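# Geometric and topological summary
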Amino acid sequence: MSSLAVRKAAPAAGTTPGTAQGPPLRRRIAFVPTLTLLLGALYCLLPVAWVLIAATKSGRELFSTFTFLPGSGFTQNVKDLNAYRDGIYWTWMGNSALYAGLGALLSTAVSALSGYALAIYRFRGRETVFGVLMAGVLMPPVILAIPQYLLLAKADLTDSYASVLLPLILSPYGVYLARIYSSAAVPGDVVEAGRMDGASEWRIFTRIALPMMVPGLVTVFLFQFVAVWNNFLLPYIMLSDDEKFPITLGLFTLLEQGSNTPALYTLVITGALLAIVPLIALFLVIQRFWSLDLLSGAVKS
């Protein structure tokens, strides 16, 4: 039996007996993604931190103190922003809420109908239509802005709320997401069962398919709302009346005037900070709603 005894391997040179020898190279490689994510987070959050701190500074402190040293003028900046042209800043905020809210709702509705139809129905040219939509996803908005302006100018709709809302209703990316989610969330057997029970196609969509698509449509709404809220080029081309400007275009006009009136820089920075608040609030609310829908869908399945 002694010949079957297994000898313990001698410890490697330069190591301490009895200690675990992990692969140091693998640990170093695993550290690289973490470092990359930290650098990316720092790159994204640094401008937000700058805006947050700069909004607390008065006009004198903005150009004379250290960049990341908080100031004492936030309250006065908010008061000046409220008083500027009788509170036109809040008119711009209301316009952005109208464009983003109504535009995102209409775009989500169109995306839901289109995506469901492309996912469930089989018809000639379906893949061609989907291919055209995919081309629209890859198309830069700047290419479409001028043709859209010319079309709406022919219809005498420029410089109106409709000139900003109408081009936003159809979102190729929203239709793409709705189709992908419909294919995964709406079983064909359920649709066929509804037809066998005598339900109309509209009733099947509204009563059966739409509740299953809600988590995906919430995502479409969130993406579209953020895209419209941050949109600058389309309102810049379509609108000339500053009473109809969204917040992005309104702050841009303030920034242009700041070259001649440096005191307006503090209003621009404070306005930019306040413009982020609705997006953060919407994301927090929708994220909770989205998580609950995903959880309930998993439990029901």
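Shown above is the structure to which this text applies.
Residues numbered from 1 in each chain as written. Predicted model: local features only at pLDDT ≥ 70, side-chain atom pairs only at ≥ 80, totals over all residues. Heavy atoms only, no water.

## Some words on the nonpolar core
In this structure, Tyr89, Trp92, Phe225, Trp229, Ile247 and Leu254 are the most contacted members of the largest nonpolar core, which totals 35 residues. Put simply, the parts of the chain that give this core at least two residues each are α4 (88–120), α7 (161–165), α10 (201–229), α11 (233–238), α12 (247–258) and α13 (264–300). The element contributing the most residues to this core is α13, with 8 residues. Excluding its chain neighbours within four sequence positions, the residues that come into contact with Tyr89 are Leu81, Ile247, Leu251, Gly271, Leu274 and Ala275. Counting residues in hydrophobic clusters, the runner-up holds 11 residues, among them Ile120, Ile204, Ala209 and Leu217. (Core = buried A, V, L, I, M, F, W, Y, C linked by side-chain atoms within 4.5 Å. Buried < 20%, exposed > 50% of the residue type's maximum accessible area, 1.4 Å probe, protein only. Helix = DSSP H or I, 4+ residues; strand = E, 2+ residues; numbered from the N terminus. Contact = heavy atoms within 4.5 Å.)

## Examining helix α6 (residues 141–154)
Over its 14 residues, α6 runs 20 Å from end to end, which matches the ideal 20 Å to within 8%, given 1.5 Å per residue. Phi turns positive one or two residues past the end of α6, at Asp156, with a value near 60°. (Expected span 1.5 Å × (residues − 1).)

## Here's the deal with the pattern of salt bridges
One pass over the full model with this rule turns up 5 salt bridges. When the shortest N-O distance is used, the salt bridge between Glu127 and Arg179 registers 3.4 Å. With Glu127 in helix α5 (residues 126–138) and Arg179 in helix α8 (residues 172–185), this residue pair connects regions lying 52 residues apart in the sequence. Here Glu127 falls in the partly exposed class, since its relative accessible area comes to 46%. Of the residues examined, Arg179 reaches a relative accessible area of 11% and is grouped as buried. Of the charged contacts, one joins Arg195 and Glu201 as a salt bridge, the two residues approaching to 2.9 Å between their closest N and O atoms. Shared partners join several salt bridges into a network, and the residues in it are Arg126, Glu127 and Arg179. (Salt bridge = Lys/Arg side-chain N within 4 Å of Asp/Glu carboxyl O.)

## A few points about the packing of aromatic side chains
Counting across every chain of the model gives 15 aromatic pairs. Note on Phe130 and Tyr176: the rings are 6.0 Å apart at their centroids and 25° apart in plane angle, and the pair reads as stacked. Of this pair, Phe130 sits in helix α5 while Tyr176 sits in helix α8, and the two are 46 residues apart along the sequence. A relative accessible area of 14% means that Phe130 is categorised as buried. A residue is classified by how much of its surface remains accessible, and Tyr176, at 27% relative accessible area, is partly exposed. With a centroid separation of 5.9 Å and an interplanar angle of 20°, the aromatic rings of Phe225 and Trp229 are classed as stacked. Taken together, the positions of Phe225 and Trp229, both in helix α10 and 4 residues apart, correspond to about one turn of that helix. (Phe/Tyr/Trp six-rings, centres within 6.5 Å; stacked < 30°, edge-to-face > 60°.)

## Some details on the packing of helix α9 (residues 188–196) against α10
Running from N to C, α9 and α10 point in directions that differ by 145°, and their axes come no closer than 10 Å. Crossing of α9 against α10: the hand is right-handed. For the pair α9 and α10, the contacting residues are Val190, Val191, Gly194 and Arg195 in the first and Glu201, Ile204, Ile208 and Met212 in the second. Looking at the contact of α9 with α10, its residues break down into 5 nonpolar, 1 polar and 2 charged. (Axes fitted to C-alpha atoms, helices over the stretch in contact; angles between N-to-C directions. Left-handed = near helix turned anticlockwise from the far one by under 90°. Nonpolar A, V, L, I, M, F, W, Y, C, P; charged D, E, K, R; others polar.)

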